[in-house]
Structures are given as C-alpha cells and as structure tokens.
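The lines below spell out each chain.
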Amino acid sequence: MAFLGGRGCFDGARARRYPRVTVTSPPVVRFAPSPTGYLHVGGAHSALANWMFARRHGGRFLLRIEDTDTERNRPDLLDGVLDMLRWLGLDWDGEPVHQSDRVGDHRAAADALLASGDAYWCDCSPEQVQARAKERGGPPGYDGHCRDRGLAEGAGPLRFRVPPGTTAWTDLVRGEVSFDNATIEDFVLLRSNGTPMFLLANAVDDAAMGVTHVIRGEDHVNGTPKYLLILRALGRTEPTAFAHMPLLVNESRKKLSKRRDDVSVASYRDEGFLPEAMVNYLSLLGWGPPDGVEVRPIAEIVDLYDLADVNPSPAFFDRKKLLHVNGEWIRGLALDDFLARARPFLPGDDAAAALAALGPLVQERVRLLSEVADMVDFLWMDEPPVDDAAWDKVMVRGKAAPEMLDASTAELTALEGWTADGISAAVERAAITAGFTKPDGSPQMAKAPAPVRVATTGRSVGPPLWESLAALGRDRTLARLAAARVRLAG
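Residues numbered from 1 in each chain as written. Predicted model: local features only at pLDDT ≥ 70, side-chain atom pairs only at ≥ 80, totals over all residues. Heavy atoms only, no water.

(A) Representation of the environment of H324 in the model. Locating H324 in the fold gives a position in helix α10 (residues 319-332). C-alpha of H324 to C-alpha of A115: the two residues are 209 residues apart in sequence and 58 Å apart in space. (Helix = DSSP H or I, 4+ residues; strand = E, 2+ residues; numbered from the N terminus.)

Shown next as structure tokens:
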C-alpha cells in the first residue's frame, strides 16, 4: 500500500523530552473500560497507546471490565465497546477480567488497611463536611474529623489515612511528578454499603494482574498519588512507571464532551471512516513520527512510537485532519478492497454495479465511504436527485445553459459510438456552438460542461463527466438532457 504521507506534528530532528523508554522485561499493560457507555475516542486513544506499547516490547495487553458501579452498569453496552476495540484491531491477550468478580479481594485489602491503621470508619455526611470547610475558611474537602474517633463498621464509609510527606513517581510523558500529601484529603475506600471505590479496586487489581506500566489519560493524574499510597500501605508491588496521555480537546480547546462533540468511535465507523485511518490518526494525537511521514500502517507506527516523545499538552482532535488521513487510506486501497468496503454503504446491487463502473474515479475523490453513494446515485436512479443550489447557479443564473443543452443534445445524438473520448469531443463542439469560446475560438471548457453535468447527474460536482456519461449510456443521457430542457423552458 502506498501513501503520500504528510509532515508530522513535531520536527523529527528535535531532541527527545526524556530518554527513550527502556523495557528490560516483557511489560504488562491494561485497558479498563466501564460498561456504562460507548467507546469514547479518548478511551480509544489510551487503549491504542497501551496496545502499541505492549506490541512493541513483546508484552501483554490485558482487558479489565470495571463493572463495580452496579447502578450505572449496562452489560449490553459491553459488547459495543469490545466490538469497537476489535474494529480498531486492538486485540487483547487472554480473556477479559471482570472487576466485579474480585470484590472479595477488594474487601480483603480494605480489611488489611483497617487492621494496620491505614484506614478508619467515618460517619460524616457530605453536608457536614461542606459546613466544616465553610466554617474554617480553608480548602473544600474532608478534614480528618473521624480519624481518631474509633468508629465501628456501619457508621459510614471507610477512609484512607493519608500520611505526612510527599508522593512521587516517574511519568514517561510528564517526567517527575510529586504531590504534597497535605493537599490530599483522607479519601474513601469503601462506600457506606461496603462496595469498593474505583481507587481501591483499581490499585488492588493492577497489582493482582501484574501490571507493570499504567498508561492512561491525563484526567487520572490527581488520582495517582492515592493509588500509590494504597499500594504502599498494602505492601504491594507498584507499577514500573506511569504514562499520563494528553487530554483530547475540540477546536475551542475545551475537553471533548459527549454533550457537544462527536466522541463515539462507533459513529465514526458508521460514517465511513476506515479502522486503519482511525488508529493512524489517534496515534498522531500528541505524537509525531520522527521521519515526518504521518499516514502509514500501524505496524510501522508501533516500531516508531515512544512514550518519551509524547507531548503532554492537550491534543486537538481535528476532524479535518482525520478526514485527510481517511482519504489517503481510501486512495491506498486496492480497487477490489475499496469496492468491498463501500458495499455496506450502498442501497443494493444496482448501486454496487454502478460503483464498479466508476470505481477508480470515485475512489480518488471521496474522503468517507458514506460519500460514495452520492457520487454514483445518478447511475442507478431513474431520475437523479437535483441539487437545487446547483440548478439555480448553473441553469438559472449561469451563462447560456439552454444553448449548451441544445447543442450538446445535437452533438451527442449524432455521435458514432459511445466512449468517454467521443463524448468529450462532442461536448467541446457543443461549447463552441453555444458560445463558450476563448479569444482564439477554441472551446472554453472550464464552465461549458456544467449544464450537462447538472442535467445528467443532478449535481455540479462528481466523478469525471465523460466517463460518467459513458457509464450512464446514450439513451439515459439524452433523456435527461431533454428533461432538463423542458424544466428550463417551463
């Protein structure tokens, strides 16, 4: 497959932000979706980073379903998430682990923290916590009110006793990160009903699964010191390193939101984006290949992708660039592959046959598979759908449309044979007759064919006109020219 390949996001000659990531043993990474919604492009971005890291270093990419939030879980949504990972080509190792199957381990960890004095029961309501914060005039959040009260289970949630000092880690994207523990409130480990909070389950499960590198979104940075405090208090092995990927933002530089942005991976698939283009583009968010060639197979990207080269600044999810990348991938497909992939976006066999007639010409012009049908619908429909704006511009307000239709009809009727070259020559002669000429008397073909195109295809843009009319056939071409002439006269 050949690609034109544009320049990368970064200068390939620049120095790395941090030393190249060195992995001395096969890493274990995980992606942990929740069955509470569809696969978000931000989640796909994190999943891809984990998958590429594992594949580059000969490690394992594990899947963990974080389904302990029983109130929000919708098991039916899980299939959609897994389908999208498969569509993107992000295969995982082994069977997915369901976090809900490990609740006993989470509770055992909580009991251990309670026994060691690293956790305590609390009976403060949110309203009480808020009132005390307002009273003292300090920062909002829990103030450790129940630390030394010795409350029994059942009083309320179980909280972690944050020790003095600092919590730090090496981040492969952000460098050395350190939090003053005084800024971290005693956070909740178990809810009042005994179910584990995300932080506890996350830390315990990562340790149990042997996760060596935690690669996730920037929104988890503030939770990382709590994660580490839990593991250290339990005496569990910590991950080798963390990598917090850049936040994805829209054109207003605001975090991508379900309410205002198209963030569902499935919607991009349904619109006609190729999975190869989607993973290719996602890899470019916050990163650029050192040689500047952006449009390339994922196997090549895996060999080049280094977390030390990822820029921690927010990454703009640019639909226009995604369309460009998708168009490049479409043009790089073998013709038979293009026709097969476009088939689900066509209404039937007649449409598929019409596309086959103009396949290479359409392939060169579309950026989405969903655009294919509109390119060739004039071939299978009895009457082409007419673009009113194109009709008004070309037929009503344009130059000499009636004359061009009449002259083209006469030339095409008299044409011997029906080939693209013959049609081109006939319309050139019609242009001279209708007055579309240059100062030297030669035909002015920049605008002359426009009335013929609109009359026969219904639009002012599309595949090359001569090949389109050759595929449409003489009888239907002449019938549409006649129908357009009648409409103009009326």
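(B) Here's a closer look at the packing of aromatic side chains. In total, this model carries eight aromatic pairs according to the counting rule given. Following the ring pairs from residue to residue traces out a cluster consisting of W169, F179, Y227 and F242. The ring of F436 carries K399 above its face, with NZ or CZ at 4.8 Å from the centroid. (Phe/Tyr/Trp six-rings, centres within 6.5 Å; stacked < 30°, edge-to-face > 60°. Lys NZ or Arg CZ within 6 Å of the ring centre and 35° of its normal.)

(C) A look at the packing of helix α8 (residues 275-283) against α10. Closest axis-to-axis distance for the α8/α10 pair is 9 Å, and the angle between their directions is 135 degrees. As far as their axial angle goes, α10 and α8 are oblique. In this structure, the crossing between α8 and α10 has a hand that is right-handed. Side by side, α8 and α10 meet where E276, A277, M278, N280 and Y281 of the first sit next to K321, L322, V325, N326 and W329 of the second. (Axes fitted to C-alpha atoms, helices over the stretch in contact; angles between N-to-C directions. Parallel < 35°, antiparallel > 145°, perpendicular 65-115°, else oblique. Left-handed = near helix turned anticlockwise from the far one by under 90°. Contact = heavy atoms within 4.5 Å.)

(D) Summary view of the pattern of salt bridges. With the rule as written, the count across this model stands at 33 salt bridges. Two residues, R102 and D205, come together in a salt bridge whose shortest N-O distance is 2.6 Å. With R102 in the loop between β3 (97-98) and α3 (103-115) and D205 in helix α5 (residues 198-209), this pair connects stretches of sequence that are 103 residues apart. An identical accessibility class is assigned to R102 and D205; each is buried. A salt bridge links E218 to R174; the nearest nitrogen and oxygen atoms lie 3.8 Å apart. Taken together, the positions of E218 in the loop between β9 (213-217) and α6 (224-234) and R174 in the loop between β6 (166-171) and β7 (175-180) put the pair 44 residues apart, joining distant regions of the chain. (Salt bridge = Lys/Arg side-chain N within 4 Å of Asp/Glu carboxyl O. Buried < 20%, exposed > 50% of the residue type's maximum accessible area, 1.4 Å probe, protein only.)

(E) Spatial organisation of the sheet that holds strand β5 (residues 158-160). Reading across the sheet, the three strands line up as β4-β5-β8 and stay open at both edges, with antiparallel pairing between neighbours. Both outer strands of the open sheet, β4 (119-121) and β8 (188-190), are each paired with one neighbouring strand and no more. The mean inter-strand angle of the sheet, taken between neighbouring strand axes irrespective of direction, is 40 degrees. Examined bridge by bridge, β4 and β5 share three bridges and lie antiparallel to one another. Within β5, the position partnered with Y120 by the bridge is R159. (Pairing = 2+ DSSP bridges.)

(F) Up close: empty space enclosed by the protein. Enumeration over the complete set of coordinates arrives at two cavities of 30 Å³ or more. Considering the residues around the largest cavity, the lining is formed by V21, M52, F53, R56, H57, Y305, D306 and L307. Of the residues contributing to the lining of the largest cavity, the split by class is five nonpolar, one polar and two charged. Each pocket or cavity is described by its volume, and for the second largest cavity that value is around 40 Å³. Lining the second largest cavity are D374, M375, F378, R453, T457, R459, V461, G462 and P463. Elements represented by at least two residues in the lining of the second largest cavity include exactly α13 (372-380) and α17 (450-457). Take the lining of the second largest cavity: its biggest share by element is three residues, from α13. A breakdown of the residues in the lining of the second largest cavity according to their chemical character gives four nonpolar, two polar and three charged. (1 Å grid on protein atoms, 1.4 Å probe; cavity = no way out; pocket = protein on both sides within 12 Å on 5 of 7 lines; lining within 4 Å. Points joined across faces, edges and corners; volume = space filled by probe spheres on them. Nonpolar A, V, L, I, M, F, W, Y, C, P; charged D, E, K, R; others polar.)

(G) Spotlight on the nonpolar core. Judged by nonpolar contacts, the single largest core of 110 residues is most densely connected at L307 and F317. Looking at this core, the element that brings in the most residues is helix α1 (residues 41-56), giving nine residues. In this structure L307 touches V21, F53, L172, V173, I215, A243 and M245, once residues within four positions along its chain are discounted. With 32 residues, the next largest nonpolar core counts L62, L113, L158 and Y227 among its residues. (Core = buried A, V, L, I, M, F, W, Y, C linked by side-chain atoms within 4.5 Å.)

(H) Spotlight on the pairing of β9. Among the five residues in β9, five count as buried, and that is most of the element. Bridge count for β9 against strand β10 (residues 241-245) is five bridges, and the pairing is parallel. Across the sheet, the residue bridging to V214 is F242, located in β10. As a crossover connection, the stretch from β9 through α6 into β10 is right-handed. (Right-handed = clockwise from strand over helix to strand, strands pointing away.)

(I) Structural view of helix α16 (residues 420-434). With 15 residues, α16 extends 21 Å from end C-alpha to end C-alpha; this agrees with the ideal 21 Å at 1.5 Å per step. The set of residues buried in α16 consists of A420, G422, I423, S424, A426, V427, A430, A431 and A434. Summarising the contacts, the buried residues of α16 are in contact with α15 (401-413) and α18 (465-472). Phi turns positive, to about 95 degrees, at G435, one or two residues after α16. (Expected span 1.5 Å × (residues − 1).)

(J) Expanded view of α1. Taking 1.5 Å per residue, 16 residues should reach 22 Å; α1 reaches 22 Å between its end C-alpha atoms and fits that length. Of all 16 residues that make up α1, 13 are buried, and the element is covered over most of its length. Residue G58 follows α1 closely and has a positive phi angle near 65 degrees.

(K) Quick peek at the sheet that holds strand β2 (residues 60-65). The strand order across the open sheet formed by three strands is β1-β2-β3, and the pairing between neighbours is parallel. Taken across any chain shown, the strands that pair with only one partner, and hence form the sheet edges, are β1 (28-31) and β3. For β1 and β2, the ladder comprises four bridges, and the chain directions are parallel. Counterpart to V29 in the pairing with β2 is F61. α5 contacts β1, β2 and β3 of the sheet and is inclined by roughly 145 degrees relative to β2.

Interpretation in functional terms is not warranted from these geometric data alone.
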